[in-house]
Every structure is written in structure tokens, then in C-alpha cells.
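Listed below are the residues making up each chain.
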Amino acid sequence: MEETRLRVIRTDNTDPYINLATEEYLTMNAEEGVMTLFLWQNAHTVVIGRNQNPWRECSVEAIKRDGVYLARRMSGGGAVYHDMGNLNFTFIARDGLFDISRQTNVILKACRLLGIDAEKTGRNDLTVGGRKFSGHAYYSSQSYNYHHGTIMVDVKGDDLSKYLNVPESKLRSKGVASVRSRVTNLRDHFSVELAEEDVISQIRAMQDAMIAAAAEEYSCEPMYEDLPDVPQELKDRYASEDWRLGTRIAFEKQLIRRFDWGEAEVQLSMKGAYISDCRIYSDSLETEAFAMLEGLLRGCRYDAEEILGLELQEGAPEAAYELLEFIAESI
């Protein structure tokens, strides 16, 4: 078996559009046998999932007013707030080396190196004492993959509630009363010595622990590299309003339901008895199924039997079938 190589890239850049473009560029140029650990931070940024509706998930006007970045990532999942008290990580690898459980173990090992007893809970959360400090999301295209997420070291809680609109249905599904009640900063769990350090030193300590844990997990010395030369058009795409805000449609019907895999919002424009346009938003970790369903539903008769008879691609996720059933039930 070929020996794994560990490539480490950490950057002082805090522009989310450059960082997200870099993440995609690194992913789509990943080499066989190489695990890349990309460590980065965004300054005052709300990042939404691939299929989310920014107008529902975020306080868009407050974001604009306060000069906060609004960014959209390639992966699924929910909206998150980044400031300089948050550390972002991305594990990048080709099929065969990419292993979510091993990558998650790197983060848990890093926490243990800093004296923190962390554990994995739920579909994509890491917690300390039952409170979340790290959420994860994933992206795959052919044999290229990334696993990324946040590590809350010293994130300002007031800004979380100021810019994110978390649906009450999501809080009820978690059994909590507010966003703040279910999250925690690692600052509150560090040793006394590290807790007394400034946030820059704490972030650096977490980065160092992540690198040491990855080196142990993959039994190799890290190779440090600078940021690659990312094409300008890729950076421009992430900064564009078309990508960040998407296209809004005038709709006559809106359907919302929370499933085990996440929440879905379906907007339907009607022309007579037919669906003329469709937008599906979701915080599901699934990324491709909803665009596929939008294409199938456009031009379809608004009829339960016809909707249930739509032919999904082979290997379509269960979420796609459940969503068609939900739409059919609403008629």
C-alpha cells in the first residue's frame, strides 16, 4: 500500500470568497495518496449551505448593514457564522483515502491533546458536555472529496443570533430553546494556562494540535505548503450575487417540512394545472438531489399520481423519494 502523504496549508487570509475558492481548487486538484489539511479563518461571515435560502436562513439586511460577508459553500448543511474566534478546517482527499470517521478522529485527538474531552453526536456535530462546538459538512464529485467544518474557540454569541434565523422547528427537533443554549466555545474548556491566552494564541494552539493529531493518525510528517494560485474566475464566482443569493422565483405554493435528514422548503410557480417553475431549499447534507428534483418538477402536472410517477436517477437518495411523497401529499 502506498504511504500516505500529509499536506498542510494554513493561511492568514480572511476573505471567505478566496478561502472557499481555494478549498474547491485544492479539492478538484487533489492527488492520489495525499491528505490535505487546510486551516483557515473568515472575518465576520455568514456561510450558508449549498441548497439553502439566504432570505429565510439569514438576516440579509442586517448582514448588509453591518458589512458582514455572506457566502455560499459547495457542501450541504446549515448556515453558520464565522468570526476570528472560529477556526475552519478542511480535509481533502481522493476516494480510498477519504474517510470521514478517521478525519473526525483527528479533531477529537486534537481536543484531547489540549485536555478537552470531546465526542461525536448527531449527524455531524462534535460536543463537549453535550454542547456543540463543531459542525461538519461534506462534498464529493466523482473521486474528489472534502470534509470541512468549524471549531468554535471564542465565537461571539451575540452575533450568532443577530445574523442567523434558526427555525423554531429545528430547535424543537434538537430539544433546545435557543442557538446559544446548544453551543459552547472551547475557550471555556481549555486548561487555565491556555484559557488566559489571547484568542490568536488559542487559535494557533488548536491549529498545532490539529496538525499533530493528523500526523499521528496518518503516521507521517506534515509537508507545509503555501496557498496555490487559484484562478480569478473561481474567486469571482464565489463573490457573485448569482452564487450567493441565487435566483428568486414568484411562487404560488410554499411547502415546508422537517425530515430526519433536515428541513426542506419547496416553492412552486403554477401555470394552470402545471408547475412552471420550482425551487427547493434545504439544510440537508445532500447536495445534488434537490437540483435534480427541480428539473423533474418543472413542466409536471400538479397531480399526485404524476408526481409520484416521476423517474428518479438510479441511486437517488432516500431524501428525494420522501420529498416527492411530501409534495404529492400536499395536493
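These numbers come from a predicted model, not from an experiment.

Peer 1: What's the story with empty space enclosed by the protein in this structure? I'm lost.
Peer 2: Over the atoms rolls a probe the size of a water molecule, and in doing so it shows where empty space is left. With the rule as written, the count across this model stands at 1 cavity of 30 Å³ or more. When its volume is computed, the largest cavity comes out at roughly 40 Å³. Around the largest cavity sit Asn51, Gln52, Asn53, Arg56, Glu57, Glu263, Glu265, Tyr281, Ser282 and Asp283, which together line it. Listing elements by their share of the lining of the largest cavity, those giving two or more residues are helix 2 (54-57), strand 13 (262-271) and strand 14 (274-282). Here the residues of the lining of the largest cavity sort into 1 nonpolar, 4 polar and 5 charged.

Peer 1: Even after reading the chapter, I still don't get a negative patch on the surface, so can you show me in this structure?
Peer 2: Judged by side-chain charge, Glu193, Glu196, Glu197 and Asp198 come together as a negatively charged surface patch. With respect to the helices, strands and loops of the structure, Glu193 is situated in helix 7 (residues 192-195).

Peer 1: Whenever I open this one, helix 13 (residues 318-329) confuses me. Can you help?
Peer 2: Each turn of an α-helix holds 3.6 residues, which means side chains three or four residues apart point in the same direction. With 12 residues, helix 13 ought to run about 16 Å at 1.5 Å a step, and its terminal C-alpha atoms sit 17 Å apart, in line with that. What helix 13 keeps buried is the set Ala319, Ala320, Leu323, Leu324, Phe326, Ile327 and Ala328. For helix 13, the elements touching its buried residues are strand 12 (253-259), strand 13, strand 14, helix 11 (289-297) and helix 12 (304-308).

Peer 1: Just checking my understanding: could you explain the sheet that holds strand 5 (residues 80-82) for this structure?
Peer 2: Strand pairing in a sheet is mediated by backbone hydrogen bonds. Such pairs are either parallel or antiparallel. On the basis of which strands lie adjacent, the open sheet formed by 3 strands has the order 4-3-5 and mixed pairing. Taken across any chain shown, the strands that pair with only one partner, and hence form the sheet edges, are strand 4 (69-72) and strand 5. Taken pair by pair, the neighbouring strands of this sheet meet at an average axis angle of 25°, ignoring direction. Two strands pair when backbone bridges link them, and strand 3 (residues 45-48) and strand 5 are joined in this way by 3 bridges, in the antiparallel orientation. Among the inter-strand pairings, Val46 is bridged to a residue of strand 5, identified as Tyr81. Each of strand 3 and strand 4 is contacted by helix 1 (residues 16-28), which is oriented at about 15° to strand 4, the strand it contacts most.

What counts, and where the lines are drawn
- Residues numbered from 1 in each chain as written.
- Predicted model: local features only at pLDDT ≥ 70, side-chain atom pairs only at ≥ 80, totals over all residues.
- Heavy atoms only, no water.
- 1 Å grid on protein atoms, 1.4 Å probe; cavity = no way out; pocket = protein on both sides within 12 Å on 5 of 7 lines; lining within 4 Å.
- Points joined across faces, edges and corners; volume = space filled by probe spheres on them.
- Helix = DSSP H or I, 4+ residues; strand = E, 2+ residues; numbered from the N terminus.
- Nonpolar A, V, L, I, M, F, W, Y, C, P; charged D, E, K, R; others polar.
- Patch = residues over 30% accessible without salt bridge, like charges linked within 9 Å, V, L, I, M, F, W, Y side chains within 5 Å.
- Areas by Shrake-Rupley, 256 points an atom, 1.4 Å probe, with all protein chains shown as cover.
- Salt bridge = Lys/Arg side-chain N within 4 Å of Asp/Glu carboxyl O.
- Lys, Arg positive; Asp, Glu negative; His and termini not counted.
- Charge placed at Lys NZ, Arg CZ, Asp CG, Glu CD.
- Expected span 1.5 Å × (residues − 1).
- Buried < 20%, exposed > 50% of the residue type's maximum accessible area, 1.4 Å probe, protein only.
- Contact = heavy atoms within 4.5 Å.
- Pairing = 2+ DSSP bridges.
- Axes fitted to C-alpha atoms, helices over the stretch in contact; angles between N-to-C directions.

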